[in-house]
Amino acid sequence: MTHSKIIGTGASVPEKVLTNSDLEEFLDTSDEWISTRTGIKERRVSVNESAVDLSEGAANEAIKAAGLTPDDIDLIIVGTVTPDMSFPSTACFLQERLGVRPSVPAFDVSAACSGFLFALDTADKYIVSGAAEKVLVVGVDIFSRIVDWKDRATCVLFGDGAGAVVLSKSSDKGEGLLSSNIHSDGSLWRSLFAPGATAYNPFKPDSGEDTNPYVQMHGGETFKLAVKTIAAACNEALMAAGLKSEDVSILIPHQANERIITAVAKRLGLTDSQVCINIDRYGNTSAGSIPIALDEVVRGGRVKSGDILLFVSFGGGLTWASTLVKW
Ligand code: ACO
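Just so you know, these numbers come straight off a predicted model, no measurement behind them. (Residues numbered from 1 in each chain as written. Predicted model: local features only at pLDDT ≥ 70, side-chain atom pairs only at ≥ 80, totals over all residues. Heavy atoms only, no water.)

Digging into the site of the ligand
Heads up, the rule is: The criterion for a residue being near a molecule or strand is simple. One of its heavy atoms has to lie within 4 Å of it. As used in this structure description, the phrase polar contact means that two N or O atoms lie within 3.5 Å; if the pair is within protein, one of them must be able to donate a hydrogen and the other to accept it, and residues adjacent in sequence are counted only when both atoms belong to side chains. Method for areas: the Shrake-Rupley scheme with a 1.4 Å probe, in which residue coverage is limited to the protein chains shown. Runs of H or I in DSSP of at least four residues are treated as helices and runs of E of at least two as strands, each being numbered from the N terminus. Reported domain spans reflect what an automatic or database domain assignment gives.
Among the 27 residues in the neighbourhood of the ligand, the closest are listed as Thr29, Arg37, Cys113, Arg152 and Asn257. Asn257 is positioned such that a nitrogen or oxygen atom in its side chain is 2.7 Å from an oxygen atom of the ligand. Relative to its unbound accessible area of 1,000 Å², the ligand is 72% covered by the protein chains. Broken down by secondary-structure element, the contributors of at least two residues to the shell around the ligand are α2 (31-38), α6 (152-155), α7 (219-240), α8 (258-268) and β12 (308-315). With four residues, α7 is the single largest residue contributor to the shell around the ligand. Viewed by domain, the shell around the ligand spans two of them, domain 1 (3-174) and domain 2 (177-326), each represented by three or more residues.

Points about the sheet that holds strand β7 (residues 160-170)
Let me state the cut-off plainly: Think of it this way: DSSP has to see at least two bridges between two strands before they count as a pair. Here an axis means a line fitted to C-alpha atoms, over the contact stretch when the element is a helix, while the angle between two N-to-C directions is reported on a 0 to 180 degree scale. Residues are treated as being in contact if the distance between any of their heavy atoms lies within 4.5 Å.
Read across the sheet, five strands follow the order β1-β7-β6-β4-β5 without closing on themselves; strand pairing throughout is mixed. One side of each edge strand has no neighbouring strand; the edge strands of this open sheet are β1 (3-12) and β5 (106-109). Geometrically, the sheet is characterised by an average inter-axis angle of 20° between neighbouring strands, direction not taken into account. One ladder, built from four bridges, connects strand β4 (residues 75-79) with β5; its direction is parallel. The residue bridging Gly79 from the neighbouring strand is Val109, located in β5. Strand contacts of helix α3 (residues 51-65): β1, β6 (134-142) and β7, with the helix running at about 125° to β1, the strand carrying the most contacts.

Remarks on unusual backbone geometry
Filter applied, for reference: Three labels apply to residues, based on accessible area from a 1.4 Å probe with only protein chains included: buried if under 20% of the type maximum, exposed if over 50%, partly exposed otherwise in between.
Between Phe87 and the following residue, Pro88, the backbone shows a cis peptide bond with an omega angle of 0°. Among the structural elements, Pro88 can be located in the loop between β4 and α4 (90-98). Here the bond from Gly317 into Leu318 is cis, since omega is -15°, no more than 30 degrees from zero. Its identity is not glycine, yet Ala112 carries a phi of approximately 50°, on the positive side. Look at Ala112 and you get buried, because its relative accessible area is 14%. Within the chain, Ser286 stands out as a residue other than glycine whose phi angle is a positive 55°. Tracing the backbone through its elements, the reader meets Ser286 in the loop between α9 (279-282) and α10 (289-299). For Ser286, a relative accessible area of 0% translates into the label buried.

This is the structure we're talking about:
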């Protein structure tokens, strides 16, 4: 049976660093509050970089690391909720930028912070079904454009960035994606959402001119849901592959809050050395978070052949997902 495996990774973040001290200049907040509640010290915010610029940087690195050229790619999937335009998709923009062959399908998936794992799961299904062989999978978000910079309860949490992988067909059953699970519960959308501009209907009086278009979140409620759901998603991926938490070489969780990550690690009985945390430098980059962290551990030499990597995400929708990979 055909399987899929990650053969290249890449990442790209904006140049501008916004520290907690920078935020103190225009918000009623403090480095102490942000660091102790979230683990975030700084984040990147895009000044000149668009979603496709960041995606292109990450994708070029991933394709190069895979030893391929854009001509080899036969499907592009981008996870994002902050595309540069309503349409075309970020994936179509990326196809043009990279010079990927016309007629290769390219589309975006929307699953907020779970966007990358939803895109990876879709890519895996295309490969397993025989419909694709080399898929470029990108997670990118620019939350600096959809948060209210006057709302200290949300804007301090997020940052911008993109990560990418090339997922390839593999015939070796023992390697690559061992299990991949995606889930949604639309009845819980009110915990975390961003109305955007589409709430306004010009033909219906009072239909949204006053709607707050920015990210809104019930932090405490989301926090508790996140810990419970992420721990269950990790167990789901492990059970599906017949493995236990002690078999995990590195847990690469969505970076929403360091306290969520350490609570999940404790529930699973994982040690600090088994968990990847880079939220201190990037904040929550939504769909960019897991592939940015993956690229960091791969390029940092922290991953060796045969290692078991566990990716897990949780985000707006609500959506959650887990993927288990043998490197
Ligand atoms: N600086 C200073 N004070 C602040 C700030 C700030 N930036 N933000 C909030 N406060 C204040 C509040 O006003 C409140 O003050 P009050 O007690 O006088 O009313 C106090 O701090 C406590 O606020 P809480 O919201 O209760 O703080 P909490 O400890 O719950 O931490 C946080 C908030 C960090 C947001 C946490 O709830 C969290 O991480 N939630 C989960 C986030 C998450 O996982 N999101 C999912 C992924 S994101 C995605 O999918 C797009």
